[in-house]
Structure formats: C-alpha cells, structure tokens
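# Coordinates in review
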Amino acid sequence: VLKLDTSQERFTAIYNSNLWGAADTVSGPAASLENTEALRRHLPAIFEKYAVRTLFDVPCGDFHWMKHVVAEYPMTYIGGDIVLPMIEANNARYGNARTSFIHFDAARDQLPQADLYLCRGLLSLLSFADGMNALRRFAESKIPYILASTHKTNFGVANIDIKSGDFRRIDMFSAPFSLAQ
C-alpha cells in the first residue's frame, strides 16, 4: 500500500482492502464502539463548554462511532476524508440537513467554517510534512478550536517520520510539533 504515489491512493487502498482489519468498521480498531466509548461519553460536555454548533471531523472515516454522537447532540456535522468512495457512501447513507461529508485532504485543502476541528488520529497517519501542513491549514482557518490526538507516556514517545498512510504514535508536545502545554 505504501508504494502507491499519493496519500489519496494509499488511504483509498486501505479502505478498499479493510487493511486495518476491524470487524465492525473499515476505519480500524481505534474507531470501534468499544474503543470510542469514553470519547463518545465526554464529547457532548466539550461541545457545550465551547459552544460547538458546527463540528468539522477529519478523518471522519466510515462514521461508525460518530453517528452515535451526532444523533444525540444538536449540531451541524461536517465529516471530511481523503477517501472519495467512503465520502460518497457516507453521504448516501447518512447525509441529511445536519450531517454532510466532503472529500478533503487535510494537508492541502482549506477548512470549512466550524466551531471545532476534531482530528482524532489524523496526525498519527500523516508524515511530518503532511502533518505540519495540516496544522498550518488549521491555523489559517477561522476555526477557534482543535481537538487532536496525542500519545504521552512516562517514558515519552519518540516521534518518527512515516509516509502518509502508515501509522505511528505521536506526541504533539515533542518535536517536530512542539505544541505548548
């Protein structure tokens, strides 16, 4: 898969082959209902605290777990993903007046208007260059908040570069990201 030229080709091949091998979602084990249970329980409080009325979620994946949050919280949801066949399937299956999906490359495309940018797992799947571009795109947007995954342990996580489409754990507070705590 990683021999494919573009991020879109790599992520589409992962989707088409269910490479991550989760039984209930092509978005991988991290998107299972079991692995998102705590997040699903806590997101509405975050939405309330920060007055989130429009959420932009990248990568939205197959909407497996987030559909439960969106069904119970009154907001506009925009899911973005680089995998066009998945976006088309999501719009056909879940699209409505409050929920839509767009074909979106986080490292290159302009973000839509929203109150919160949810990037669960996104930066763990991108090269340093693409990850930094995705963060720049956020900084250029008018979205006031970002909620992004990070991995921190007592031993630290050594950030290593990958080709976009692979996976590694990242620590957003260490180089090259070096976000303030």
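On a predicted model such as this, the values are computed, not experimentally measured, just so you know.

### Structural notes on the pattern of salt bridges
For the structure on display, the rule yields 4 salt bridges. Among the salt bridges present, the one from Arg41 reaches Glu37, with a minimum N-O distance of 2.4 Å. Taken as a pair, Arg41 and Glu37 lie in helix α2 (residues 37–49) at a separation of 4 residues, close to a single helical turn. Relative accessible area serves as the criterion here: at 48%, Arg41 is assigned to the partly exposed category.

### Details of the nonpolar core
Of all hydrophobic cores here, the largest spans 26 residues; its most connected members are Phe56, Tyr117, Leu122 and Leu123. Contributions of two or more residues to this core are made by α1 (7–17), β4 (116–119) and α5 (128–140). Top contributing element to this core by residue count: α5, with 4 residues. Setting aside chain neighbours within four positions, we find Phe56 in contact with Ile78, Gly79, Gly80, Ile102, Phe104, Leu111, Pro112, Ala114, Leu116, Tyr117, Leu118 and Ile143. By size, the runner-up hydrophobic cluster in this structure holds 18 residues, among which are Leu55, Phe63, Val70 and Leu116.

### Observations regarding the pairing of strand β3 (residues 99–103)
Pairing between strand β2 (residues 76–81) and β3: 5 bridges, direction parallel. Following the sheet pairing, Ile78 is matched in β3 by Ser100. Remark: the β2/helix α4 (residues 84–94)/β3 crossover connection has right-handed handedness.

### Let's talk about unusual backbone geometry
With an omega of -5°, the peptide bond running from Val58 to Pro59 counts as cis. Looking at the secondary structure, you find Pro59 in the loop between β1 (54–57) and α3 (66–72).

### What to know about the sheet that holds β1
As summarised here, the arrangement of the 5 strands in space is β3-β2-β1-β4-β5, forming an open sheet in which the pairing is parallel. The outermost strands of the open sheet, each flanked by one partner alone, are β3 and β5 (145–148). Strand after strand, the sheet turns through a mean of 20° between neighbouring axes, direction not considered. Strands in contact with α4 are β2 and β3; relative to β3, the strand with the most contacts, it is inclined by about 165°.

### A look at the packing of aromatic side chains
Here the structure, examined in full by the defined rule, presents 10 aromatic pairs. With a centroid separation of 5.5 Å and 15° between ring planes, the pair formed by Phe56 and Tyr117 is classed as stacked. Here the residue Phe56 occupies a position in strand β1, and Tyr117 occupies one in strand β4, the gap between them amounting to 61 residues. Ring pairs connect the aromatic residues Phe56, Phe104, Tyr117 and Phe138, which therefore count as one cluster. A cation over an aromatic ring shows up here: Arg120 above the ring of Trp65, its NZ or CZ 5.4 Å from the ring centre.

### Structural notes on the environment of Asn159
Relative to the elements of secondary structure, Asn159 occurs in the segment after β5. Given the relative accessible area of 15%, Asn159 is considered buried. Along the primary structure Asn159 and Ser174 are separated by 15 residues, whereas in three dimensions their C-alpha atoms are 7.4 Å apart. Each residue touching Asn159, except ones within four places of it in the same chain, is listed here: Phe128, Arg169, Ile170, Asp171, Ser174, Ala175, Pro176 and Phe177. Among the polar contacts listed, one links the side chain of Asn159 to the backbone oxygen of Ser174, at a separation of 3.5 Å. Separated by 2.9 Å, the side chain of Asn159 and the backbone oxygen of Ala175 make a polar contact.

Conventions we followed
Residues numbered from 1 in each chain as written. Predicted model: local features only at pLDDT ≥ 70, side-chain atom pairs only at ≥ 80, totals over all residues. Heavy atoms only, no water. Salt bridge = Lys/Arg side-chain N within 4 Å of Asp/Glu carboxyl O. Helix = DSSP H or I, 4+ residues; strand = E, 2+ residues; numbered from the N terminus. Buried < 20%, exposed > 50% of the residue type's maximum accessible area, 1.4 Å probe, protein only. Core = buried A, V, L, I, M, F, W, Y, C linked by side-chain atoms within 4.5 Å. Contact = heavy atoms within 4.5 Å. Pairing = 2+ DSSP bridges. Right-handed = clockwise from strand over helix to strand, strands pointing away. Axes fitted to C-alpha atoms, helices over the stretch in contact; angles between N-to-C directions. Phe/Tyr/Trp six-rings, centres within 6.5 Å; stacked < 30°, edge-to-face > 60°. Lys NZ or Arg CZ within 6 Å of the ring centre and 35° of its normal. Polar contact = N/O pair within 3.5 Å; in protein donor to acceptor, adjacent residues only side chain to side chain.

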